[in-house]
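Structural overview for review
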There are 2 protein chains.
Amino acid sequence: MTDIVIGNGWILTPDGLVRGEVAIEDGIITNIGEKISANRVIDARNGIVMPGLVNAHTHLGMTLLRGYADDVPLERWLNEYIWPVEAKLDEIDVYAGTLLGCLEMIRSGTTTFADMYIRMDGAARAVETSGLRASLSYGMIGDESRAERELKTGKEFVKKWNNAANGRITTMYGPHAPNTCSPEFLTRVRECSDRDGVSIHIHLAETEAEINEMKSKHGMCSVRLLDKIGFLGPDVLAAHCVWLSPEDIKILKKNDVKVAHNPTSNMKLGSGIAPVPELLKGGIVVALGTDGCASNNDLDMFEEMRMATLLHKVHKLDPTVISAREALEMATINGARALGIDAGVIAVGKKADIIIVDTNKPHLTPKHDLISHLVYCAKGSDVSTSIVDGKILMENYELTMLDEMKIMADAEKVARDLISRVA
Amino acid sequence: MTDIVIGNGWILTPDGLVRGEVAIEDGIITNIGEKISANRVIDARNGIVMPGLVNAHTHLGMTLLRGYADDVPLERWLNEYIWPVEAKLDEIDVYAGTLLGCLEMIRSGTTTFADMYIRMDGAARAVETSGLRASLSYGMIGDESRAERELKTGKEFVKKWNNAANGRITTMYGPHAPNTCSPEFLTRVRECSDRDGVSIHIHLAETEAEINEMKSKHGMCSVRLLDKIGFLGPDVLAAHCVWLSPEDIKILKKNDVKVAHNPTSNMKLGSGIAPVPELLKGGIVVALGTDGCASNNDLDMFEEMRMATLLHKVHKLDPTVISAREALEMATINGARALGIDAGVIAVGKKADIIIVDTNKPHLTPKHDLISHLVYCAKGSDVSTSIVDGKILMENYELTMLDEMKIMADAEKVARDLISRVA
């Protein structure tokens, strides 16, 4: 017997929007059709039934630092605000911050995310509690002094949590960045990744300063160095990729590297504009991410889609650059491909990670083109229902599993305590 | 006796956030203090009590075209989509579209807007119905053949509607742009404006094509020509101002022209990036606008504030450019100054145009800095209460005066009929 049927909606399929019902059984989409019977029927109320959004790069525990430091130069931001606080973070803090982030994600239509942070047992427990799907990595700083200890922590995390929570949790190795990890360290990470069969999540070419540092230290830019040491591959999720040469783009394509574009974060930190039209033209899988809440400052993937089309249109002075449909693909199917998850599309056999967008709103009226509306008008707050792995996490704006008030209160308290420990 | 007291909130004042109560009588803020008695008490529930947002440039009837044409080149967008539809618009259409826009604005925290469009009797009636405050202008195309008729329509509109609806409606002259109006026409508009004591709303330096056209036709750019013919002044609201030279900025400052910056529209249409940091540095009043819904595609001024800081940070590769506080001023006090309205700030004697932002949300937690949250995290959908001219238009998310479902259904029908008339 089918577990759940979602009826009375516009189903977003690879061929466009169609009327019909979506059937779910054992966490999988089993049928798209009509008059399917089920134990549980969800009324989409003429809303859009679509794949849950995939946030391909974040540091979810950083919700605790939302609004803690804005509008300051990058070096001061890191040295005076972010790093001193992170040095004090414990697992309980990260649990509270990550759970707050999961709550915000459920409310705003994200069903899956890729996280890289510290005290990751706390993050994994929060994902377990939340019902979301995530690919988690411990962010390793691979310099001389810390390399051994960091790799050990990374390995232990992978071993402990890969395929946990009924497979909702997968893990990655998370070497922080080419300029915070030595080439030797990155080579060892590649070996571990191959041995354990898990992917790699890394920051890449985020700032001009990184490229300059790499050139002066290694005589070549980040992408070339990673290529030279055999680090790159189809299992590498590279966040940012702002400062790329045309040659770098060819190297990424040759290695089938997946890119996580973070337009809001790149804007807010003044990092630069990633060559996304060129990456897409080059056939590279580009997903979307919000980055952490200290540099965004929220987790709304609808806003991120919008930013991903608007930023490149103005940068190229061309309104045809990155269409609504392309932005939507970046946030769904490309995200799933980047994380190696069989989801991101409403089709039979795919994982049942599904959201319903309530279109009965003034800002989504009139309905000339619902796909345009999803990218140019919809907000996270229009998501009424969220299903992950076939389980209902929110229905008609009501959370089914989480205690919203308690999670917010806990995060508020933990954040205040944390700042007072730093001050 | 005080009409309304708003209690239990964080009041956003020019000196920052303070606890206390705000008293309203006869549409004016009469007291900011404690334990004030009133006929009606509104509980802000620890939310932010702040000035309503001012949308300083829009074409509200264009909500009917939301999502009708995206991701197409500008010339095709205008010639094949926008203009053919606008040629068919009647007053009933504009009433329905404007009322839909007013509804969206109330829901998303805008209390006042500057509109320039056609069939403006329909727009004015919608503002009258909605309870919002607006400065309305008929958009005049001032070329040879139409000049006389257009100016007559503009004058009649000013005469009929200025200071209507208990003063909530004021009017402006709306010559469309320097390249769609002749210098002679613009000179006559300036005379009418001086005679009638109403301001002027004009598009200025929106695209590079406009500047090129002006240079080839008149041997000088738009700003210089307007200065030369004595058109500019402190009563001119100039929308866009994207393509400005340093000399142009000096001219705008000399004439105390008010600028309406429209970052999302400029991004979506690929128009360019306005020199807003330079305008602010030059002491020019810069307000914010969404532009019409065919080029945005919504009316969310929270998003517009966010865009106004993020776009310039990445353009200058500097995260300190345009702070959250500056963006907030652009959307409140600067908007009020640009429209010549004694509002935009919570202070005794000012018009009671006030909103309450509900901060009891995951994406606004923790509360390190509520002003940062207003700009970097808050969404229109966080606005719980809206008061305009001392009247409650929405309280705790419930609309008090408008029938939301009917307005949406009417606009949907009108929009579909309109498109079918064009096809």
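How each quantity is defined
Residues numbered from 1 in each chain as written. Chains lettered and ligands numbered in written order. Predicted model: local features only at pLDDT ≥ 70, side-chain atom pairs only at ≥ 80, totals over all residues. Heavy atoms only, no water. Phe/Tyr/Trp six-rings, centres within 6.5 Å; stacked < 30°, edge-to-face > 60°. Helix = DSSP H or I, 4+ residues; strand = E, 2+ residues; numbered from the N terminus. Buried < 20%, exposed > 50% of the residue type's maximum accessible area, 1.4 Å probe, protein only. Core = buried A, V, L, I, M, F, W, Y, C linked by side-chain atoms within 4.5 Å. Contact = heavy atoms within 4.5 Å. Least-squares fit on C-alpha atoms with pLDDT ≥ 70 in both. Pairing = 2+ DSSP bridges. Axes fitted to C-alpha atoms, helices over the stretch in contact; angles between N-to-C directions. Buried area = accessible area lost by both parts, 1.4 Å probe. Salt bridge = Lys/Arg side-chain N within 4 Å of Asp/Glu carboxyl O. Polar contact = N/O pair within 3.5 Å; in protein donor to acceptor, adjacent residues only side chain to side chain. Domains from an automatic or database assignment. Arc of directions from axis to C-beta.

1. Considerations on the packing of aromatic side chains
Residues and elements named next belong to chain A. Enumeration over the complete set of coordinates arrives at two aromatic pairs over all chains. Seen in terms of ring centroids, Tyr-68 and Tyr-81 are 5.7 Å apart; in terms of plane orientation they differ by 85°. Their pairing is edge-to-face. Pair noted here: Tyr-68 is in the loop between strand 6 (53-58) and helix 1 (74-86) and Tyr-81 is in helix 1, with a separation of 13 residues, a long-range link. Classification of Tyr-81 as partly exposed rests on a relative accessible area of 22%.

2. Considering the nonpolar core
One finds A:Leu252 and B:Leu252 to be the most contacted residues of the largest nonpolar core, which totals 239 residues. Setting aside its immediate chain neighbours within four residues, A:Leu252 contacts A:Leu204, A:Val223, A:Cys241, A:Leu244, A:Val257, A:Val259, A:Leu279 and A:Ile284.

3. So, the relation of the copies chain B and chain A
Note on the identical chains: chain B maps onto chain A by a rotation of 180° and an axial translation of 0.0 Å, with an RMSD of 0.0 Å. Overall, the copies show the geometry of a two-fold rotation axis. Residues of chain B ranked by C-alpha distance from the rotation axis are headed by B:Ser381, positioned 3.5 Å from it. The share of interface residues of chain B whose copies in chain A are also at the interface is 100%, consistent with both copies meeting through the same surface.

4. Observations concerning the sheet that holds strand 6 (residues 53-58) of chain B
Residue and element names in this part refer to chain B. Read from one edge to the other, the open sheet built from eight strands follows the order 6-7-8-9-10-11-12-13, with strand pairing classed as parallel. Of all strands in the sheet, those bounded by a partner on one side alone are strand 6 and strand 13 (286-288). Recorded for the sheet is a direction-independent mean angle of 25° between the axes of neighbouring strands. Pairing of strand 12 (residues 258-261) with strand 13 involves three bridges; the strand directions are parallel.

5. Describing the interface of chain B and chain A
At the interface, 65 residues of chain B touch 65 residues of chain A. Buried area between chain B and chain A, summed over both chains or domains, comes out near 5000 Å², and the portion from carbon and sulfur atoms is 64%. Counting the surface chain B buries against chain A, the share from its top three residues, B:Asp71, B:Pro362 and B:His368, is 13%. On the surface where chain B and chain A come into contact, there are twelve salt bridges. Across the pair B:Glu412 and A:Lys367 runs a salt bridge whose closest N-O atoms are separated by 4.0 Å. Across the contact surface, chain B and chain A share 27 residue pairs in polar contact (both at pLDDT 80 or more). Within the residue set of the side of chain B that touches chain A, elements represented by two or more residues are helix 2 (91-107), helix 9 (263-268), helix 11 (301-316), helix 14 (370-376) and helix 15 (404-422) of chain B.

6. Observations regarding the domain arrangement of chain A
Residues and elements named next belong to chain A. Under the domain assignment used here, chain A contains domain 1 (2-51 + 344-399) and domain 2 (53-339). Spacing between the C-alpha centres of domain 1 and domain 2 amounts to 28 Å. Residue-level contacts link 29 residues of domain 1 with 29 residues of domain 2. Taken together, the two surfaces of domain 1 and domain 2 that pack against each other cover about 2300 Å², and 63% of this comes from carbon and sulfur. Here Arg-325 and Asp-369 are joined by a salt bridge, their closest N and O atoms 3.4 Å apart. For the pair domain 1 and domain 2, the interface holds eleven residue pairs in polar contact (both at pLDDT 80 or more). Sorting the residues of the side of domain 1 that touches domain 2 by element identifies strand 5 (48-51), strand 14 (354-357), helix 14 (370-376), strand 15 (383-388) and strand 16 (391-395) as the ones contributing at least two each. By residue number, the principal contributor to the side of domain 1 that touches domain 2 is helix 14, which donates five residues.

7. Section: helix 8 (residues 246-254) of chain A
Residues and elements named next belong to chain A. Residues of helix 8 that are buried: Asp-248, Ile-249, Ile-251 and Leu-252. Taken down its axis, helix 8 places every buried residue within 160° of arc, on the same side. Helix 8 presents Pro-246, Lys-250 and Lys-254 as exposed residues on the side facing more than 90 degrees away from its buried surface. Each element contacted by the buried residues of helix 8 is listed here: strand 10 (199-204), helix 7 (222-228), strand 12 (258-261) and helix 10 (276-281). Looking one or two places after helix 8, you find Asp-256, whose phi comes out positive at around 55°.

8. A word on the pairing of strand 3 (residues 28-33) of chain B
All names here are of chain B. Two strands pair when backbone bridges link them, and strand 2 (residues 16-25) and strand 3 are joined in this way by five bridges, in the antiparallel orientation. Bridging across to strand 3, Ile-24 finds its partner in Ile-29. Between the end of strand 2 and the start of strand 3, which pair antiparallel, lie two residues, with Asp-26 showing a positive phi angle near 50°.

9. Some words on the pattern of salt bridges
Under the criterion given, the structure shown has 64 salt bridges over all chains. One salt bridge connects A:Asp121 with A:Lys160, and the closest N-O pair in it is separated by 3.0 Å. With A:Asp121 in helix 3 (residues 120-130) and A:Lys160 in helix 4 (residues 147-161), this residue pair connects regions lying 39 residues apart in the sequence. You can call A:Asp121 partly exposed: its relative accessible area is 21%. A salt bridge links B:Arg190 to B:Asp194, with the shortest nitrogen-to-oxygen separation between them at 2.8 Å. Here B:Arg190 and its partner B:Asp194 are both found in helix 5 (residues 183-196), four residues apart, which amounts to about one turn of the helix. Classification of B:Arg190 by relative accessible area gives buried; the value is 9%. A single salt-bridge network, built from bridges that share partners, covers A:Asp298, A:Asp300, A:Glu303, B:Arg306 and B:Lys379.

10. Some words on the sheet that holds strand 11 (residues 236-240) of chain A
Residues and elements named next belong to chain A. Strand order across the open sheet formed by eight strands is 6-7-8-9-10-11-12-13, with parallel pairing between neighbours. At either margin of the open sheet sits one strand with a lone partner, and together these are strand 6 and strand 13 (286-288). Strand-to-strand twist across the sheet, computed as the mean angle between neighbouring axes with direction ignored, equals 25°. Relative to strand 7 (residues 110-117), strand 6 runs parallel, the two being bridged by four bridges. Note that in strand 7 the partner of Leu-53 across the bridge is Thr-110. In the packing of helix 2 (residues 91-107) onto the sheet, contacts are made with strand 6 and strand 7, and the angle to strand 7 comes to roughly 150°.

11. Examining the side chain of B:Thr112
Relative to the assigned elements, B:Thr112 resides in strand 7 (residues 110-117). Once residues lying within four places of it in the same chain are set aside, the contact partners of B:Thr112 are B:Leu53, B:Val54, B:Asn55, B:Arg133, B:Leu339, B:Ile341 and B:Asp353.

12. Notes on unusual backbone geometry
A cis amide bond links A:Asn296 to the next residue, A:Asn297, at an omega of 10°. A cis amide bond links A:Thr365 with the next residue in sequence, A:Pro366, at an omega value of -10°. The residue A:Pro366 is located in the loop between strand 14 and helix 14 in this model. Backbone geometry at B:Asp71 places phi at a positive 60°, although glycine is not the residue there. Relative to the assigned elements, B:Asp71 resides in the loop between strand 6 and helix 1 (74-86). On the basis of relative accessibility, which here comes to 19%, the residue B:Asp71 falls in the buried class. Backbone geometry places B:Asn163, a non-glycine residue, at a positive phi of 65°. Mapping B:Asn163 onto the fold places it in the loop between helix 4 (147-161) and strand 9 (169-175). Judged by its relative accessible area of 53%, B:Asn163 is exposed.

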